Amino acid sequence: MLLAELARTSREVAATSARSRKTALLAELFRGTAPAEAPVVITYLAGRLPQRRIGVGWSSLAEPVPPAGAPTLTVAQVDAALTELGAVHGAGAQAGRRELVERLLSRATAEEQEFLVRLIGGEVRQGALDAVAVDALAEAAGAPAAEVRRAVMLGGSLGAVAERLLADGPAALAGFRLTVGRPVLPMLAHTAKSVGEALDRLGPCVLDEKLDGIRIQVHRDGPVVRVFTRTLDEITARLPEVVAAALALPAERVVLDGELVALDPRGRPRPFQQTAGRVGSRLDVPGASGALPLTPVFFDLLALDGRDLLELPTAERHAELARLVPARLLVRRRVLAAGESAAAEEFAAAALARGQEGVVAKALDAPYTAGRRGTAWLKVKPVHTLDLVVLGAEWGHGRRAGRLSNLHLGAREPDGSFAMLGKTFKGLTDRLLDWQTERLRELAVEQPAWGVLVRPELVVEIAFDGVQRSSRYPAGVTLRFARVLRYRADKSAAEADTVAAVREFLPPEGNT
DNA sequence: TTCCGACAGTGGGGTCGCAAT
DNA sequence: ATTGCGACCCCACTATCGGAA
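Computed from a prediction, not measured in an experiment: that's the story for all the values here.

Basis of the calculations
Residues numbered from 1 in each chain as written. Chains lettered and ligands numbered in written order. Predicted model: local features only at pLDDT ≥ 70, side-chain atom pairs only at ≥ 80, totals over all residues. Heavy atoms only, no water. Axes fitted to C-alpha atoms, helices over the stretch in contact; angles between N-to-C directions. Helix = DSSP H or I, 4+ residues; strand = E, 2+ residues; numbered from the N terminus. Contact = heavy atoms within 4.5 Å. Nonpolar A, V, L, I, M, F, W, Y, C, P; charged D, E, K, R; others polar. Buried < 20%, exposed > 50% of the residue type's maximum accessible area, 1.4 Å probe, protein only. UniProt positions renumbered as here; feature names shortened; annotations may be inferred. Near = heavy atom within 4 Å.

1. Looking at the packing of helix H6 (residues 93–106) against helix H7 (residues 110–121)
Close contact between H6 and H7 brings their axes to 9 Å; oriented N to C, the two are set at 140 degrees. Together, Leu104, Leu105 and Ser106 of H6 and Gln113, Leu116 and Val117 of H7 make up the contact between the two elements. A breakdown of the residues in the contact of H6 with H7 according to their chemical character gives 4 nonpolar, 2 polar and no charged.

In structure tokens:
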């Protein structure tokens, strides 16, 4: 198949807003796709590369290359070129990659180049990613969408399902089931504003402590243990303590869902930055972070000795988990009968007092819905707010092009100046974007290519989850997950919160 | 007819490994 | 030694479509 066909379909998909029409366009292309080509074609049109990482980003794609006159590039040729790119390592790698990128782009027409650049850059912007591709695949193969989706979740790979489905038809779906050793997309949670709201929405439920660490999925098949992240990357080699914990379990074949955290000597969670640093470190490179021990804390059980537990209700999976895993490695949880809202509040407060991030409420009767952000899990975290000053803003991209989007936030210093301590683009409606674009232009004192710097006059109320240390900002601190709640027209910059007030939110110094 | 679940899009900060400077 | 880039960890929120109620 020619790359030009993909580029044209992608453009047509981007041009329509109707999801049903996007699905139909993709389905039409998939019908004309040979099974052998399907893994690459469908992955591209879901906005991703089968290679995952190829070492090429925006900076390597910036230079324009004269386009080819006529489309001759095939999808298979592109895939081969990108595989070759990903294999370039060692001294001279950057120059080598640059040359390969240039050679590939020179074989593409202008339209193909545009598609390739967006694909490699990770921004296809066609309003259709995995979910739409799955629906289109189902339509093309004449299979129920729900069954295709389930096969993809359990098989872990859209490409593999596409190939088998196009080759063998709907009967091939039965071959994709939970397999120990092969990762499954994890179930995700929605947010509730309060414990009370979560209880109202769920009915009978269990409250779990929410740990601020790295999500892990642990597979043990006899003596073989594999550990995967939320995005199904394997990190087994970095986690000998997790492997040991899995091997110590009184079962031969298990799939566990949990969170990985670094604890201090008193058993309190260390800051997320420390956990993430340790998980990101290779152990064969000696370093301080490698010495920081990690503790896996499990909260769900997906498979046990040949049994697939995904369809079991939460309460039964939890009961199996509690029989299998020692209490030390089990998440703290509290089952709530109807009306036990006081007990729920008490449990949540205790979790925070122990230094945890919050709680997750889980419906007792729900199955494990792999890969979905179902409404059966609701997380509740405390939200803090500050009134900060807008110091500047950056021009947005995509649907925010032409509007000032990403706000630079500052807090007041004792001398009356303002120290920048983060940015945010979240929480803004289209109307607010229009308003702030106009207002910030009026206040602009400098207009660099990326946006504007303004007189520090506008005050915004910012919600955030916490404050962490930062080497990037002059204040030495930054906000975690900052988002705009509203502009404070009633407040002047001189009334904004101070850097000292922001530092108050830092967690107490631990012994590190 | 209205409501609401699911999705895509828009990016944030931190940290690592690796290659270039 | 330091810097820049790519990748991946954590994540919130709004707009939109289309099926459910």
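Moving on from the coordinates now.
2. What to know about unusual backbone geometry
Here arginine 52, not a glycine, exhibits a phi torsion of approximately 65 degrees, which is positive. Topologically, arginine 52 is positioned in the loop between helix H3 (38–45) and helix H4 (58–61). In the Ramachandran plot, leucine 232 falls in the positive-phi region, its phi being about 70 degrees despite a non-glycine side chain. By secondary structure assignment, the location of leucine 232 is in the loop between strand S4 (224–228) and helix H12 (240–247). For leucine 232, a relative accessible area of 16% translates into the label buried.

3. A few points about the UniProt feature "domain: ATP-dependent DNA ligase family profile" (unreviewed entry) in chain A
The UniProt record annotates "domain: ATP-dependent DNA ligase family profile" (unreviewed entry) at residues 299–413. Along residues 299–413 one finds 21% helix and 37% strand; the C-alpha atoms at either end are 44 Å apart.

4. As for the protein's contact with DNA strand B
What surrounds DNA strand B is a group of 39 residues, the closest being Gly127, His397, Asn406, Phe425 and Tyr473. Each atom of DNA strand B within 4 Å of the protein belongs either to a base or to sugar and phosphate, the latter forming 90%. For the surface near DNA strand B, the elements supplying multiple residues, two or more each, are H6, helix H8 (130–141), helix H13 (272–279), strand S12 (404–412) and strand S17 (466–469). With 3 residues, the top contributor of residues to the surface near DNA strand B is H8. Looking at side-chain class alone, the surface near DNA strand B contains 9 nonpolar, 18 polar and 12 charged residues.

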